[in-house]
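Structural characterization, general
Here's the letter readout for the chains.
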Amino acid sequence: MKTFKEYLVENKKIYSFKIKVAGDVPEKFQEALKSRLDSCKVMTFEKLSTTPIQKLPLDFPGQENKQVTIFEVICEYPITPPEIETHVKAMGIDESCFRVRNSGEPTEVDQVLLDNEPSGEAMLSIGLEPDAGKIKHKDYFGDDFNKGFLKDLSKTAKQRTKDGFAAEYKIPKQKTDKAGSMSPMSTAGNPDPRKGN
């Protein structure tokens, strides 16, 4: 049986954040912020990546032609993004030039999924043949295609019935009474409500 201490160690919660800085990162930013967050027992503080210079960076609509440097911070003790923002502001970085987010936020998870795309191509172009523009539309659309499709379909249906895989469905014939054709909802023993019986 496990001891109480072992259960505590297994259930240790961590607090993970992404810090994004648009533009130039101040010298020794990483070391200075890590020392400011020492009270939260920083487990890791690492630079994940730096994006190329972009016309409008993803999280910074007010910043133009800037690169974005992304850091990941993992702490043992509870802390919130606004608390980290306070520390970053105290280091002299303008509020419009940085963002602090939980690593589990949907926008961050989506960004990680996009970053891990194997090819780096646009999703719409993946799987297209190189000569996709040279497709003959008559091979896939139109009356000739429909006629050929129906012919193949009937051939396949006949083969399946011959092999005993499927029985052909036949529409049941409607019974008629003395007054004419019966409603599909009425039965032979029930009077027709239209006659006023």
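Everything that follows concerns the structure shown earlier in this document.
Residues numbered from 1 in each chain as written. Predicted model: local features only at pLDDT ≥ 70, side-chain atom pairs only at ≥ 80, totals over all residues. Heavy atoms only, no water.

Focus: a nonpolar patch on the surface
Taken together, the side chains of Phe145, Phe149, Leu150 and Leu153 define a hydrophobic patch exposed on the protein surface, amounting to about 380 Å² of accessible area. Turning to its location among the elements, phenylalanine 145 is positioned in helix H5 (residues 143–163). (Patch = residues over 30% accessible without salt bridge, like charges linked within 9 Å, V, L, I, M, F, W, Y side chains within 5 Å. Areas by Shrake-Rupley, 256 points an atom, 1.4 Å probe, with all protein chains shown as cover. Salt bridge = Lys/Arg side-chain N within 4 Å of Asp/Glu carboxyl O. Helix = DSSP H or I, 4+ residues; strand = E, 2+ residues; numbered from the N terminus.)

Digging into the packing of helix H2 (residues 29–36) against helix H3 (residues 81–90)
At a closest axis distance of 10 Å, the pairing of H2 and H3 adopts a crossing angle of 130°. On the basis of their axis angle, the class for H2 and H3 is oblique. The interaxial crossing formed by H2 with H3 has right-handed handedness. Across from Phe29, Leu33 and Arg36 in H2, the residues of H3 making contact are His87, Val88 and Ala90. (Axes fitted to C-alpha atoms, helices over the stretch in contact; angles between N-to-C directions. Parallel < 35°, antiparallel > 145°, perpendicular 65-115°, else oblique. Left-handed = near helix turned anticlockwise from the far one by under 90°. Contact = heavy atoms within 4.5 Å.)

Let's talk about unusual backbone geometry
Although it is not a glycine, lysine 41 sits at a positive phi angle of roughly 50°. One can find lysine 41 in the loop between H2 and strand S2 (42–50). By relative accessible area, lysine 41 is classed as partly exposed at 42%. Its identity as a non-glycine residue notwithstanding, asparagine 65 has a phi of 55°, on the positive side. The residue asparagine 65 is located in the loop between S2 and strand S3 (68–75) in this model. Residue asparagine 65 is classed as partly exposed on the basis of its relative accessible area of 46%. (Buried < 20%, exposed > 50% of the residue type's maximum accessible area, 1.4 Å probe, protein only.)

Brief notes about the packing of aromatic side chains
Counted by the stated rule, this structure contains three aromatic pairs. Note on phenylalanine 29 and phenylalanine 71: the rings are 5.2 Å apart at their centroids and 45° apart in plane angle, and the pair reads as tilted. Of this pair, phenylalanine 29 sits in helix H2 while phenylalanine 71 sits in strand S3, placing them 42 residues apart in sequence. When sorted by exposure, phenylalanine 29 lands in the same class as phenylalanine 71, which is buried. When the centroid spacing of 5.9 Å and the interplanar angle of 55° are considered together, the rings of phenylalanine 45 and phenylalanine 71 count as tilted. One end of the pair, phenylalanine 45, is in strand S2; the other, phenylalanine 71, is in strand S3, with 26 residues separating them in the sequence. Across this residue pair, the class does not change: phenylalanine 45 and phenylalanine 71 are buried. (Phe/Tyr/Trp six-rings, centres within 6.5 Å; stacked < 30°, edge-to-face > 60°.)

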